[in-house]
Amino acid sequence: MKEQIKKAMQYNQIIEIMYIAKDNAITKRRIKLIKIAGDTIQAYCFTRHAKRTFKMENILAVYPVMSKASGLNA
C-alpha cells in the first residue's frame, strides 16, 4: 500500500483512502498528496477542504481516482 501512495505522489494523482480516524470511525477521504514523511502523509483533503496529516498505519485501502472522461476513447 505504501508503494501505491508513493506512486500516486510521483504521478501527482488524486487518490481515495479508507481511513481510521482518531475516534475510530472509518472514513473515506479524497486526497491530493503533498508530502510523505516517514509514516505520515501530508495531503489536501477534499472532504474537509483543508490540509491534513494522515498516519500510514491508519490507512486501510487506497484507490486511484479516475476522471470521468478516462473511459472514453476518441
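**Q** Mind showing me how you'd approach the pairing of strand 4 (residues 50–55) here?
**A** The two faces of a sheet get side chains in turn, since along a regular strand they alternate between them. Relative to strand 4, strand 3 (residues 40–45) runs antiparallel, the two being bridged by 6 bridges. Among the inter-strand pairings, T40 is bridged to a residue of strand 4, identified as K55.

**Q** How should unusual backbone geometry be read in this particular structure?
**A** Across the chain, the bulk of peptide bonds are trans and the bulk of non-glycine residues have phi less than zero. The phi dihedral of N12 falls on the positive side, at around 60°, and the residue is not glycine. Structurally, N12 can be placed in the loop between helix 1 (2–10) and strand 1 (14–20). We classify N12 as exposed; its relative accessible area is 53%. A positive phi angle, near 55°, is found at H49, a position not held by glycine. Within the secondary structure, H49 sits in the loop between strand 3 and strand 4.

**Q** Quick question: what am I supposed to make of the pattern of salt bridges here?
**A** Pairing between side chains becomes possible if they bear opposite charge and their charged atoms approach one another. A complete count under the given rule lists 4 salt bridges for this structure. Here K28 makes a salt bridge to E16, at a shortest N to O gap of 3.5 Å. Pair noted here: K28 is in strand 2 (residues 26–37) and E16 is in strand 1, with a separation of 12 residues, a long-range link. On the accessibility criterion, K28 (52% relative accessible area) is exposed. A salt bridge links E16 to R30; the shortest N-O distance between them is 2.6 Å. Remark: R30 occurs in strand 2 and E16 occurs in strand 1; sequence separation between them is 14 residues. When its relative accessible area of 14% is taken as the criterion, E16 is described as buried. What makes R30 partly exposed here is its relative accessible area of 36%.

**Q** I keep staring at the environment of A43 and nothing clicks. Help me out?
**A** With respect to the element layout, A43 can be found in strand 3. Separated by 11 residues in the primary sequence, A43 and F54 place their C-alpha atoms 7.8 Å from one another. Contact partners of A43, with chain neighbours within four places excluded, come to I31, K32, L33, I34, A50, K51, R52 and F54.

What counts, and where the lines are drawn
Residues numbered from 1 in each chain as written. Predicted model: local features only at pLDDT ≥ 70, side-chain atom pairs only at ≥ 80, totals over all residues. Heavy atoms only, no water. Pairing = 2+ DSSP bridges. Helix = DSSP H or I, 4+ residues; strand = E, 2+ residues; numbered from the N terminus. Buried < 20%, exposed > 50% of the residue type's maximum accessible area, 1.4 Å probe, protein only. Salt bridge = Lys/Arg side-chain N within 4 Å of Asp/Glu carboxyl O. Contact = heavy atoms within 4.5 Å.

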